[in-house]
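Residue strings, one per chain:
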Amino acid sequence: MLQFLRIRNLALIESVELEIGGGFTAVTGETGAGKSILLGALSLLAGARADKSVIRQGADACEVEAALHFPDASPVHATLDRLGLPACEEGMLILKRTLAREKAPRISINGGLATLSALEELGALWIDFHGPSEPRRLLKEACQLELLDLYAGHEPLGEAHAEAFDAWRTAARDLDALAGETSLPADEIDHLRKQVAAIDALELSEESIGELELKFTRLSSAQELLTTARGIAEGLTGDDGLLGRLAALVRAGQHLEQLDAGSKALAARLAALAVELEDTGAEFDRLAEEFQFDPEEAAEVERKMESWLDVRRRHGNTVAAVLEARERLARKLATQGNVKEAIAKQQALVASTHAAARKTAAALRKSRESAARGLSKEGAKRIAGLGFARTEFSVKLADATELRASGDCTCEFLFSPNVGEPAMPLSRIASSGELARVMLALKTILAAVDKIPVLVFDEVDSNVGGEIGRVVGERLAEIATKHQVLCVTHLPQVAAHASTHLVVEKDQSGKRAEVSIRAIEGSRKIRVEELARMLGDRAAKSALKHAEELLSQAGV
């Protein structure tokens, strides 16, 4: 749930801070007052792209910040963990986005720097926008199937079919590739085998190649390394080395300790220095021995390094690339044993995976058929309650032309708003107002299963009359029992049902226009006046009385 929203220097807003309650929030104001700025702020936090033109004139940057609370934050935590972002504390998700004129944009999630794609991915988990164009989506087959599946709640069936379909398509693609294979000449097969053998002989791993390259580097400079290491060892522990000269100083330190007990610690440090010097000299001696390569060992290192360089030149610069190439060569060799047999095996795999995909599609369709009957019945009832005296609504499934990742059937919503008219596809008969009401009815039904906590409706009551506006308000309030609902509306009948009421106002009395947003649900008088304004005249007694009646009817 969205709990807090702060906006700075966005469009015509200088500074706004809002505490937003749960349930149904209505956003009202005169046409052109700037209600869309609030929706724009939310879309910025949901990962929408924006340019610097949204920054308020005269400001260096704009900033939008929000705090959201999730009773069950496990899906958000999983996404944050995958994105490498800080986890929520006590279920709180803190989002902040800044756009600057002269600097790069900055996004933070729970205090950690994030990308726009991360913000967009999180946005899909917490907010869903339904604007004036949203009902047009309802005309698309994919949207109708999506709504039916959401109603059915058979996500595991859908995932099982998608996996089975992907396995079938992969097997089919491999068969197509195999069908293009032809038997290779014997000399080419021999060449492939030698390449595989050369790679295998190296016993490739990141560790073995790292060790080989280190040995080769040492071998290339063996004499210089040997001379230098021995020179250091001689300088430390040789006859004229530091250790010999230090021994006299150690004896002097021991004598000083006998004369003055306070110098004991210094004498001990001097003795320890001698021990360390001796150990270091011995280490350099041992290192010098490592630089003395046996002729046979040196020849083997050179041979393996030459082989590695040849393999790397042919197949890639990294161990992973060479191993991947080795697998490709091995597969190609395997098919040469009997191309016809390999094709026959792949054909069998295609047939079995296709049968499995058909089976999962059938299970998915069976679930959809049951859901279609329920959605048809419930949808017709809900739509009738939105001002259609007698209406027909049904969900029709039909065979798809081919098996798809979405299943083996298509989905179509049929609708008849008028008595005596046959139900037909929505795209052929529904007006924009009818579409908006059908979408609202479906959203009401799906509210119980929709997992997105925040739903934003932008003028969902467009092309709706006053009496139906009351029903729209009731439906939005109903959806708000399961979700947090924010609705931009021009209908007082809708706004009256809101538990939180935000008024957007534009002040043009100064040198520059400024938009403000304030909550008014705490004052019944102010709220009645706002509803009266929406009715036509905030000063008219009849409008004020009607506004009071609307609030009373809504139980506010």
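Reading guide: rules and limits
- Numbering of residues starts from 1 in every chain and runs along the sequence as written.
- Reporting in this predicted model follows two pLDDT cut-offs: at least 70 for local features of residues, and 80 or more for side-chain atom pairs to be given and counted; totals over whole chains, interfaces and linings ignore these cut-offs and use all residues.
- Hydrogens are left out, water is left out, and the side-chain values use all remaining heavy atoms of the structure.
- Helix and strand assignments follow DSSP, with helices taken as H or I runs no shorter than four residues and strands as E runs no shorter than two, numbered in order from the N terminus.
- Radius of gyration here uses only the C-alpha atoms, and the compact-globule reference equals 2.2 Å multiplied by the residue count raised to the power 0.38.
- Partly exposed describes any residue whose relative accessible area lies between the buried limit of under 20% and the exposed limit of over 50%, with all areas from a 1.4 Å probe on protein chains only and scaled to the type maximum.
- Working rule for contacts: check all heavy atoms of both residues, and any pair within 4.5 Å makes them a contact.
- The method behind every accessible area is Shrake-Rupley, applied with a 1.4 Å probe, and residues are considered shielded solely by the protein chains displayed.
- Residues scored as positive are Lys and Arg, those scored as negative are Asp and Glu, and His as well as the terminal groups of each chain are ignored.
- A charged residue contributes its charge at one atom only: NZ of Lys, CZ of Arg, CG of Asp or CD of Glu.
- What we call a nonpolar core is a set of buried Ala, Val, Leu, Ile, Met, Phe, Trp, Tyr and Cys residues that are connected through their side-chain atoms within 4.5 Å.
- Distance and chemistry together define a polar contact, namely a pair of N or O atoms within 3.5 Å, with one atom able to donate a hydrogen and the other to accept it when in protein, and with adjacent residues in sequence counting only for side-chain atoms on both sides.
- One bridge is not enough; two strands pair if DSSP finds at least two bridges between them.
- Every axis corresponds to a line fitted to the C-alpha atoms, with the helix fit spanning only the stretch in contact, and the corresponding angles, defined between N-to-C directions, vary from 0 to 180 degrees.
- Residues qualify for a patch when their relative accessible area is over 30% and they have no salt bridge, like charges being joined within 9 Å and the nonpolar side chains of Val, Leu, Ile, Met, Phe, Trp and Tyr within 5 Å.
- For salt bridges, the criterion is a side-chain nitrogen of Lys or Arg within 4 Å of an Asp or Glu carboxyl oxygen.
- Small angles under 35 degrees read as roughly parallel and large ones over 145 as roughly antiparallel, with 65 to 115 read as roughly perpendicular and the rest as oblique.
- In this scheme, a crossing is called left-handed if the near helix is turned counterclockwise away from the far one by less than a right angle; it is called right-handed if the turn is clockwise.
- Classes in brief: Ala, Val, Leu, Ile, Met, Phe, Trp, Tyr, Cys and Pro nonpolar; Asp, Glu, Lys and Arg charged; the others, Gly included, polar.
- Site definitions follow a grid-based scheme: protein atoms alone, a 1 Å grid, a 1.4 Å probe that fits but cannot get out for cavities, and for pockets an open set with protein on both sides within 12 Å along at least five of seven lines, plus lining residues having an atom within 4 Å of a point.
- Grid points are joined across faces, edges and corners, and a volume is the space filled by probe spheres set on the points.
- For a helix, the expected span equals 1.5 Å multiplied by the number of residues minus one.
- In this description, the arc belongs to the directions extending from the helix axis to the C-beta atoms.

(A) Region of interest: the overall build of the protein. Scanning the protein for helices and strands turns up 20 helices and 15 strands. Compactness check: the protein gives a C-alpha radius of gyration of 38 Å against a globular reference of 24 Å for 556 residues, more than 25% above the reference. In terms of principal-axis extent, the alpha carbons of the protein reach across some 115 × 85 × 40 Å. The buried share of the protein, reckoned over its 556 residues, is 42%. Nonlocal contacts in the protein, meaning residues at least 24 apart in sequence, comprise 71% of its contacts between residues at least 6 apart. Taken as a whole, the protein presents about 29,600 Å² of accessible surface, with 51% of it coming from carbon and sulfur. Between the centroid of the 68 positive side chains of the protein and the centroid of its 84 negative side chains there is a distance of 9 Å.

(B) Representation of the nonpolar core in the model. Ranked by size, the top nonpolar core spans 56 residues in total, and within it F24, L138, F393, F413, L442 and L476 carry the most contacts. When residues in this core are grouped by element, the largest group, eight residues, is from helix α16 (residues 432-446). In this structure F413 touches L138, Q144, L147, L375, F393, S394, V395, M424, P425, L426 and L442, once residues within four positions along its chain are discounted.

(C) Expanded view of the side chain of E63. Along the chain, E63 falls in strand β4 (residues 61-69). The class for E63 is buried, based on a relative accessible area of 10%. A polar side-chain atom of E63 sits 3.4 Å from a polar atom in the side chain of T98. The contact partners of E63, leaving out residues within four places of it in the chain, are R6, I7, R8, K96, R97 and T98.

(D) Broad picture of the sheet that holds strand β12 (residues 454-458). On the basis of which strands lie adjacent, the open sheet formed by six strands has the order β8-β12-β13-β3-β14-β15 and mixed pairing. Whereas interior strands pair on both sides, the edge strands pair on one side only; in this sheet they are β8 (127-130) and β15 (514-519). Averaged over all adjacent pairs, the angle separating strand axes in this sheet is 15°, with direction ignored. Here four bridges tie β8 to β12, and the two strands are oriented parallel to one another. Looking at β12, one finds that D128 is bridged to L455. Against the sheet, helix α1 (residues 35-45) touches β3 (24-28), β8, β12, β13 (484-488), β14 (500-507) and β15, its axis set at about 145° to β8.

(E) Fine view of the sheet that holds strand β11 (residues 424-425). Read from one edge to the other, the open sheet built from three strands follows the order β9-β10-β11, with strand pairing classed as antiparallel. Every other strand in the sheet has two partners, leaving β9 (392-404) and β11 as the edge strands with one partner each. Relative to strand β10 (residues 407-416), β9 is paired through nine bridges, and the arrangement is antiparallel. Bridge pairing in β10 links V395 to F413. Across the sheet, helix α6 (residues 155-179) touches β9 and β10, and the angle it forms with β9 is around 25°. Strand contacts of helix α14 (residues 339-384): β9 and β10, with the helix running at about 165° to β9, the strand carrying the most contacts.

(F) Summary view of a negative patch on the surface. On the surface, a cluster of negative charge is contributed by E234, D239, D240, D285 and E289. Along the chain, the position of D240 falls in the loop between α9 (222-237) and α10 (242-259).

(G) Examining the packing of α6 against α14 more closely. Put simply, α6 and α14 touch, their axes get as near as 8 Å, and they point 160° apart. Our classification of the angle between α6 and α14 gives roughly antiparallel. Considering only the axes of α6 and α14, their crossing is left-handed. Per-class residue counts for the contact of α6 with α14 are 20 nonpolar, eight polar and one charged.

(H) View of the pattern of salt bridges. As enumerated under the stated definition, the model contains 27 salt bridges in all. R312 is paired through a salt bridge with E213; the nearest N and O atoms lie 4.0 Å apart. Taken together, the positions of R312 in helix α12 (residues 295-315) and E213 in helix α8 (residues 206-220) put the pair 99 residues apart, joining distant regions of the chain. Members of the salt-bridge network, linked through shared partners, are R6, R8, E63, E65 and K96.

(I) Quick peek at the layout of surface pockets. Taken as a whole, the largest pocket encloses approximately 600 Å³ of empty space. Every residue lining the largest pocket is counted, 23 residues in all, and those nearest its centre are E146, D149, L150, E155 and D450. Looking at the lining of the largest pocket, the elements with two or more residues in it are β8, α4 (134-137), α5 (141-152), α6 and α14. The biggest single contributor to the lining of the largest pocket is α5, with six residues. Contributions of two or more residues to the lining of the second largest pocket are made by α2 (74-83) and α3 (116-126).

(J) Molecular detail of empty space enclosed by the protein. With the rule as written, the count across this model stands at one cavity of 30 Å³ or more. Approximately 30 Å³ is the volume found for the largest cavity. Looking at the largest cavity, the residues that line it are R470, Q493, A496, H497, L550, Q553 and A554.

(K) Region of the structure containing helix α20 (residues 541-553). Helix length check: α20, at 13 residues, gives a terminal C-alpha distance of 18 Å against a target of 18 Å (1.5 Å per residue), a fit within 8%. Those residues of α20 that sit buried are A543, A547, L550 and L551. The buried side chains of α20 occupy one side of the element, clustering within an arc of 95° when seen end-on. Every exposed residue of α20 that faces more than 90 degrees away from the buried side is listed here: K541, S542, K545 and Q553. Against the buried residues of α20 lie α18 (492-495) and α19 (524-535). Taken from the residues just after α20, G555 is the one with a positive phi, measuring 75°.

Treat this as a map of the structure, not an account of what it does.
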